[in-house]
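Here's the letter readout for the chains.
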Amino acid sequence: MDDRRLVAPRGLTRRSLLKRGAGLGAGALALGAMPPFLAACGSSTPSGPKELKVLTNQPPDPAPPGVADYSEEAFATWQTDNAARVSYESIPYTQIHDKLATAFASGNPPWDIVYMSGWVPEFSKNLATIGDMISAELKSDLPPSSFKTVTWDGKIQGVVFTLSLMTLFYNTEHFEQAGLSEPPKTWDDLLRYTKELTRDGRYGWVNNYGAPEGIGGTANLWMSYLQQAGGTMYDEGGLPIFNDAAGVDAAQFMIDLWDAGTEPGSISYVGIADTTNVFTAGKASMMMNWPFMWKPANDPAASAIAGKIGAAVLPAGAAGTASIDGTDAFTVTTASKSPELATKLIEFYLAPEVQKRQVLDTGWLPIRLSTLEDAEVQAAATNAPIVLEQAKSPYDSFVTPDYIEVTQAIGTELQRCIRKEKSAQQAIKDASDQVASIVTSR
Amino acid sequence: MADVELRAITKRYGAVEACADVNLHVADGEFVTLLGPSGCGKTTTLNIIAGLDEPTSGEVLMGGKVVNDLTPYERDVAMVFQNYALYPHMSVADNIGFTLRLRKRPRDEIRRRVQTVAEMLELAHVLERLPRELSGGQQQRVALGRAVIREPAVFLFDEPFSNLDAALRVKMRVEVKELHQRLGITSLFVTHDQEEALSLSDRIAIMRDGHVEQVGTPDDVYAQPRTRYVARFIGSPQMDIFTGRLERRDGITAYVVGSAAFEIPGEAAPTCDGELDMGVRAEHVRLNAGGIPMPVRVVQPLGSMTYVTIGWDEELLTSRLLGMAHFSPGEAVTVSLDPAGLLFFDRESGRRVLPDGALA
Amino acid sequence: MTIDPGAVARPTGRSYLARRRRTGTLLVLPALAVLALILALPIAASLALSLMDADTADFRFGVFVGLDNYRTLFADPVFALALRNSIYWMVVEVAVVVVVALWFALLLNHPMGRWSVFRIILLVPWALAPVANAVLWKWIYNSSYGILNFLGTATGVLPDPVVWLGDPGLALNALLVAEIWKEIPFITLLLLAGLQNVPRILYRASRLDGAGPWQTFRFVTLPQLRTTILICIVLQSIWALKSFDLVYVLTRGGPANATTMLNFLAYRVSFQFGNLGLGAAVADILFFVMFLLALAYVRVFRPARAAERGVA
Ligand SMILES: Nc1ncnc2c1ncn2[C@@H]1O[C@H](COP(=O)(O)OP(=O)(O)OP(=O)(O)O)[C@@H](O)[C@H]1O
Ligand SMILES: [Mg+2]
């Protein structure tokens, strides 16, 4: 046993297995609670160390030190200094929401800190308002828009720990072969590129439209086009207003992109991992992707196109470029007995040094602006400048308490129009009606 | 109608030789019994005739033609199985009529023929019942009915009465015999009950360890057993066989068993002498008609006859007397043997030694 | 003279049988209580929940709404679709599984099929963890690098790769194939056990009666297997309604709800939408259907036992 494992006593086989499965098994493996954390044993203070329990992702989705391999020494030191013992429960991304839902419904969530991906509004009642507790220094170093998805009813209930916006990934080799020298800048470019790149058994574009709901689902993807077209989801009163030209244009653009050369399996892929697999196998030339996939996509062990990937901001619609927010955040539950300590741990996760190791060792971008600007970081994470550039334009994922229900409704209608069962117009109208009834019955 | 002939039938199951060179001819219309102890190959032989099992080697002939390659159905044999093998999910009527139904006979005809058979076997009132709702004897008769309705060329019975009580067994025996007399169908009947065999058969084939030890009429096998095995197997009570010595001294011939020496008229003994086994049936042992004095050990009165067992040394000898005879254990009687009923066997081979000293 | 069945029953003058019954009741009471606790309580709680408006966030403060949830469901086209999908799924799965399993069982029961390796191979799909099975099929069906499209196009059977999970009708049937593949082994084993219980002698009897292979199957094997087959049908129906893993891993109910079935809908509404009351209503409808099937199972089973007693 090496030191690392002492610090992170998780089954390494399980992790590596999941990496290889690239999310295929995600949502599927039933995992028990993790073994208790071992690091602080022997050095107990008179009152004994305080225990903090954390529910989080498994890599390759973003995860804190101790689950992923970075900043482990600093993490051990933090625990000693704060007389704390941190234990993790890390499960596949697709299982986290359901686990939270059941635990919160029971009234006894066992965790102090939980990972959130757009569910802060939904679980708002169960989350502590930590906005007041985090240091002003940290707050001022984060993009203000990053608080959008972790704020509900005016209360800041979480901190995003990685800048996660979708940007364009493209295969530079395919571009060269097709005589394309720069990434597409507009929707027209994208359609034209997609057509030109669709040849030799390859497709210009690939996406995951299989799962309608949640962050990264079909509806969420459409929201990027919606904002590019100049539309938005809700009015001041929270009622849907996307049944307009922008909403229909966004849906129509998905259809046009489909016809121009979207990889046909796209309608069946249920996660970003499925899509990335097609892209990294060199079977599709372009995709929208989260920054955390940059590193695995460039890893020669897992990717056939390592080193041949370009990144760019998403092509602009009528209103310019825009993206969606992955909203990977940490929150503190109201059930926590040590909310201050828990907040402190979150601050540790966001400490500059940890943020730097996070991106250098795992590829998950930091959220701290100062770290993002760091030369060493920009040299290592070549996509960081692009993501930063993308962040200058809107990137709202429009999370609400009924986010999954809303996205399920919209996403299902989008699947129908992509499959040509109805027109974009009809689909958006139907989706809008359903969302109106969901939102009003809230 | 057909005769059945087995030519050098051998059947092996791995190392077990269930049939070893079985030769047998059953004439057309004849009733032959296969008799032998459990495991001697009776069922196997029957299955080979039926075509349910293939012989390892040898030929089965019916009506003079080799039928080895014919299906059971084509051989036109009907069989009554050791455990009836009625179809549990079919009514009595369906069980009996199944074979006609398979032959796509008209419904009317099936009903009529089932009715006839049922009446003959006294099953008419239980036609709609399931087999499990019948008594053992009724099930037995359904099994018979299922065979009879086919009017086959050959009947095979595999210990059909083994599950019945003694009284029912005797009654069924009469029914089968009557059936055979009425229909005259060539029949092979398997049993391990020698009384059943004797009472039913035109001829009996006694089997032992897969081969036929002797074939003959009931009289033959009873009176002229070819081997010690057959002699012991046939007859009730079992023949007493002694391991003694035949001695001739001073013109007198005697069979010596331990301390007893039975005097035997010269013409009744084989010409050879020495170590021979001697068998005698109970009806050939005479009491109090001269001879050696011996004590009575056991008396078994059976109504029409009485078995009296006499003993000396370690030996026992049973005598059958007609009617009720009054003896008491310990009583001394004189014992003599009817020379006509004495059988001698070669000790080594078990084969009978004929009066001229030759082996049977 | 009878033995007093313990201090519980004092000699009160009641008959021995009555005292015996009382003692028996006292003895099974704890077990009944435990059963009530672990079985009846959740069922009752679920029924109660289906009459409430309750969210995951504050489900302890649910409001009684009567049959509202059921009304909502019956007006919901997604529920109607899920119900249709569930019924289609159950009927096809049961029919195919039982027929194919019966065929396999007959092959395995044939002297040439008795080789034990066949049985081990047969058991592989069944031994796979449900999720492993789902992941396996996800790879098989993957339209871009799945083995099915690879083989199909390489052999020329498929002119173009097919998006197996992208077309509503295709997706549901693709899942069915995966499900059936996994479900066949167990039913095969049940039927094989049933076949081996058919007395060999009946086959000999039917051969002598002149039955060919088909007639033997029709008149001897099938009636003898009747109870086993009925049990298989009922069990498989219940299992079919419970299917979840394949939908969860492969399609998440899509595309356009084409693979959404009641069980998955109950999950989605409860744990994804957080509407526990409505989810419970879906689950209770499913429970009701399975309860009817379970009753059928008990009915099928009872005559068989009576018959055994009758034979003995
Ligand atoms: N299918 C088989 N496989 C192996 N051995 C067998 C098989 N059938 C019969 N035998 C063996 O062959 C021998 C003869 O069996 P068979 O059934 O013919 O005896 P049987 O004379 O009918 O006996 P019983 O009076 O008990 O019915 C026995 O030793 C038996 O164990
Ligand atoms: Mg036998």
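Residues numbered from 1 in each chain as written. Chains lettered and ligands numbered in written order. Predicted model: local features only at pLDDT ≥ 70, side-chain atom pairs only at ≥ 80, totals over all residues. Heavy atoms only, no water.

1. A closer look at the interface of chain B and chain C
Next up, step 1: Residue-level contacts link 24 residues of chain B with 17 residues of chain C.
Next up, step 2: Between chain B and chain C, a total of about 1900 Å² is buried, with carbon and sulfur atoms accounting for 63% of that surface.
Next up, step 3: Counting the surface chain B buries against chain C, the share from its top three residues, Leu52(B), His89(B) and Leu102(B), is 28%.
Next up, step 4: Inspection of the region where chain B meets chain C yields one salt bridge.
Next up, step 5: We note a salt bridge from Arg204(C) to Asp53(B), for which the minimum N-O separation is 2.9 Å.
Next up, step 6: The tally of links from chain B across to chain C stands at 10 residue pairs in polar contact (both at pLDDT 80 or more).
Next up, step 7: Broken down by element, the residue count for the side of chain B that touches chain C peaks at four residues, all from helix α3 (residues 92–102) of chain B.
Next up, step 8: Tallied by class, the residues present in the side of chain B that touches chain C amount to 14 nonpolar, four polar and six charged. (Contact = heavy atoms within 4.5 Å. Buried area = accessible area lost by both parts, 1.4 Å probe. Salt bridge = Lys/Arg side-chain N within 4 Å of Asp/Glu carboxyl O. Polar contact = N/O pair within 3.5 Å; in protein donor to acceptor, adjacent residues only side chain to side chain. Helix = DSSP H or I, 4+ residues; strand = E, 2+ residues; numbered from the N terminus. Nonpolar A, V, L, I, M, F, W, Y, C, P; charged D, E, K, R; others polar.)

2. Overview of the coordination of the magnesium ion (ligand 2)
All names here are of chain B.
Next up, step 1: Thr-43 (OG1) and Gln-82 (OE1) make up the full set of protein donors to the magnesium ion (ligand 2), lying at 1.8 to 2.6 Å. Here Thr-43, found in helix α1 (residues 42–50), pairs with Gln-82, found in the loop between β6 (77–80) and α3; they are 39 residues apart in sequence, far enough to count as distant.
Next up, step 2: Residue class for Thr-43 comes out partly exposed when judged on its relative accessible area of 27%. (Donors = N, O, S within 2.8 Å, 3.2 Å for Na, K, Ca; no water. Buried < 20%, exposed > 50% of the residue type's maximum accessible area, 1.4 Å probe, protein only.)

3. Regarding the domain arrangement of chain B
Interfaces are often sized by the amount of accessible area the parts lose when they come together.
All names here are of chain B.
Next up, step 1: Each assigned domain of chain B is listed here: domain 1 (4–233) and domain 2 (240–346).
Next up, step 2: Centre-to-centre separation of domain 1 and domain 2, based on C-alpha positions: 39 Å.
Next up, step 3: Contact with domain 1, which involves eight residues of that partner, is made by seven residues of domain 2.
Next up, step 4: Among the residues of domain 1 in contact with domain 2, Tyr-222, Arg-228 and Ala-231 are the three that bury the most area, contributing 71% of the side total.
Next up, step 5: Joining domain 1 to domain 2, the criterion identifies one salt bridge.
Next up, step 6: Among the salt bridges present, the one from Asp-277 reaches Arg-228, with a minimum N-O distance of 2.5 Å.
Next up, step 7: Applying the counting criterion to the domain 1 and domain 2 interface returns three residue pairs in polar contact (both at pLDDT 80 or more).
Next up, step 8: Only α8 (218–223) and α9 (228–233) provide two or more residues apiece to the side of domain 1 that touches domain 2.
Next up, step 9: Counted by class, the side of domain 1 that touches domain 2 contains five nonpolar, one polar and two charged residues. (Domains from an automatic or database assignment.)

4. Description of helix α9 (residues 213–242) of chain C
Next up, step 1: A rise of 1.5 Å per residue sets the reference length of α9(C), with its 30 residues, at 44 Å; its end C-alpha atoms lie only 37 Å apart and thus fall more than 12% short of the reference.
Next up, step 2: The principal kink in α9(C), of about 55°, is found at Arg226(C). (Expected span 1.5 Å × (residues − 1). Bend = angle between axes of the 7 residues up to and from the residue.)

5. Comments concerning the site of ligand 1
Residue and element names in this part refer to chain B.
Next up, step 1: In the neighbourhood of ligand 1, the contacting residues comprise Tyr-13, Val-16, Ala-18, Ser-38, Gly-39, Cys-40, Gly-41, Lys-42, Thr-43, Thr-44, Gln-82 and Glu-159.
Next up, step 2: The side chain of Thr-43 places a nitrogen or oxygen atom 2.5 Å from an oxygen atom of ligand 1.
Next up, step 3: Taking Thr-44, its side chain carries an N or O atom lying 2.5 Å from an oxygen atom of ligand 1.
Next up, step 4: Notes on ligand 1: free accessible area 630 Å², of which the protein chains cover 62%.
Next up, step 5: Listed by contribution, the elements that provide at least two residues to the shell around ligand 1 are β2 (16–26) and α1.
Next up, step 6: Broken down by element, the residue count for the shell around ligand 1 peaks at three residues, all from α1.
Next up, step 7: Residues belonging to the shell around ligand 1 are distributed by class as follows: four nonpolar, six polar and two charged. (Near = heavy atom within 4 Å. Areas by Shrake-Rupley, 256 points an atom, 1.4 Å probe, with all protein chains shown as cover.)

6. Here we look at the interface of chain A and chain C
Next up, step 1: Facing 40 residues of chain A, the contacting portion of chain C comprises 33 residues.
Next up, step 2: In total, chain A and chain C occlude about 3000 Å² of area from one another, counting both sides; carbon and sulfur atoms represent 55% of this.
Next up, step 3: Summed over the shared surface of chain A and chain C, the result is three salt bridges.
Next up, step 4: Among the ionic pairs, Arg419(A) bridges to Asp167(C), the shortest N-O distance being 3.5 Å.
Next up, step 5: There are 12 residue pairs in polar contact (both at pLDDT 80 or more) connecting chain A and chain C.
Next up, step 6: For the side of chain A that touches chain C, the element with the highest residue contribution is helix α4 (residues 93–106) of chain A, accounting for eight residues.
Next up, step 7: Considering only residue class, the side of chain A that touches chain C consists of 14 nonpolar, 15 polar and 11 charged.

7. Remarks on the sheet that holds β2(B)
All names here are of chain B.
Next up, step 1: As summarised here, the arrangement of the four strands in space is β2-β1-β4-β5, forming an open sheet in which the pairing is antiparallel. Where the open sheet ends on each side, the last strands, each with one partner, are β2 and β5 (65–66).
Next up, step 2: By the bridge criterion, seven bridges tie strand β1 (residues 4–13) to β2 in an arrangement that is antiparallel. Residue Arg-12 lies in a different strand from β2, and its bridge partner there is Glu-17.
Next up, step 3: Relative to β1, α1 is tilted by about 120°, and along the sheet it contacts β1, β2 and β4 (57–62). (Pairing = 2+ DSSP bridges. Axes fitted to C-alpha atoms, helices over the stretch in contact; angles between N-to-C directions.)

8. Thoughts on the sheet that holds strand β7 (residues 154–158) of chain B
Residues and elements named next belong to chain B.
Next up, step 1: An order of β6-β7-β8-β3-β9-β10 is seen for the six strands of this open sheet, with the pairing classed as mixed. The open sheet has two edge strands with one neighbour each: β6 and β10 (211–216). Between one strand and the next, the sheet's axes are offset by a mean angle of 20°, whatever the strand orientation.
Next up, step 2: Examined bridge by bridge, β7 and strand β8 (residues 186–191) share five bridges and lie parallel to one another. What sits directly across from Val-154, in β8, is Thr-186.

9. A short note on the domain arrangement of chain C
All names here are of chain C.
Next up, step 1: The domain architecture assigned to chain C consists of domain 1 (5–50) and domain 2 (68–311).
Next up, step 2: For domain 1 versus domain 2, the distance between C-alpha centres works out to 37 Å.
Next up, step 3: Applying the counting criterion to the domain 1 and domain 2 interface returns zero salt bridges.
Next up, step 4: The tally of links from domain 1 across to domain 2 stands at five residue pairs in polar contact (both at pLDDT 80 or more).
Next up, step 5: When grouped by side-chain class, the residues that make up the side of domain 1 that touches domain 2 number three nonpolar, two polar and no charged.

10. Here we look at the pairing of strand β7 (residues 167–171) of chain A
Residues and elements named next belong to chain A.
Next up, step 1: Extensive coverage of β7 is indicated by the burial of five of its five residues.
Next up, step 2: Here β7 pairs with strand β10 (residues 309–312) via four bridges, running antiparallel. Paired with Asn-171 across the bridge in β10 is Ile-309.

11. Focus: the nonpolar core
Next up, step 1: Formed by 244 residues in total, the largest nonpolar core has its most connected members in Leu100(A), Trp222(A), Met233(A), Leu345(A) and Ile410(A).
Next up, step 2: Beyond its immediate chain neighbours, meaning those up to four positions away, Trp222(A) contacts Met233(A), Phe242(A), Gly247(A), Ala250(A), Ala251(A), Met254(A), Ile410(A), Leu414(A) and Ile428(A).
Next up, step 3: Within the second largest apolar cluster, 34 residues are counted, among which are Ala78(B), Tyr84(B), Ile96(B) and Leu100(B). (Core = buried A, V, L, I, M, F, W, Y, C linked by side-chain atoms within 4.5 Å.)

12. Points about the pattern of salt bridges
Next up, step 1: Counting across every chain of the model gives 44 salt bridges over all chains.
Next up, step 2: Among the ionic pairs, Arg7(B) bridges to Glu59(B), the shortest N-O distance being 3.7 Å. You can see Arg7(B) sitting in strand β1 and its partner Glu59(B) sitting in strand β4, a full 52 residues away along the chain.
Next up, step 3: Of the residues examined, Arg7(B) reaches a relative accessible area of 38% and is grouped as partly exposed.
Next up, step 4: The class of Glu59(B) is partly exposed, set by a relative accessible area of 33%.
Next up, step 5: Measuring nitrogen to oxygen at the nearest pair gives 3.9 Å for the salt bridge that ties Asp76(B) to Arg150(B). Separated by 74 residues along the polypeptide, Asp76(B) in the loop between α2 (72–75) and β6 and Arg150(B) in the loop between α5 (136–148) and β7 bring together distant segments of the chain.
Next up, step 6: In this structure, a network of salt bridges that share partners links the residues Glu413(A), Arg416(A), Arg419(A), Glu421(A), Lys422(A), Asp430(A) and Asp167(C).

13. Considerations on the pairing of β1(B)
Residues and elements named next belong to chain B.
Next up, step 1: What sits between the antiparallel neighbours β1 and β2 is a turn of two residues, in which Gly-14 has the positive phi angle 60°.
Next up, step 2: Two strands pair when backbone bridges link them, and β1 and β4 are joined in this way by five bridges, in the antiparallel orientation. The residue of β4 that forms the bridge with Arg-7 is Glu-59.

14. Topic: the environment of Asp53(C)
Residues and elements named next belong to chain C.
Next up, step 1: For Asp-53, the position within the fold is in strand β1 (residues 52–53).
Next up, step 2: Along the chain, Asp-53 and Val-98 lie 45 residues apart, while their C-alpha atoms are 41 Å from each other.
Next up, step 3: Residues contacting Asp-53, with those up to four places away along its chain left out, are Gly-62, Val-63 and Val-65.

15. Overview of the confidence of the model for chain C
Residues and elements named next belong to chain C.
Next up, step 1: Considering every residue of chain C, the mean pLDDT works out to 85; 90% of them sit at 70 or more.
Next up, step 2: Between residues 1–9, whose pLDDT stays under 50, and residues either more than four places distant or in other chains, the model counts 13 contacts.
Next up, step 3: Within the model, the stretch residues 304–312 combines pLDDT values under 50 with three contacts to residues more than four positions away or in other chains.
Next up, step 4: Reported confidence for the predicted complex is 0.78 by ipTM and 0.78 by pTM. (pLDDT = per-residue confidence, 0-100.)

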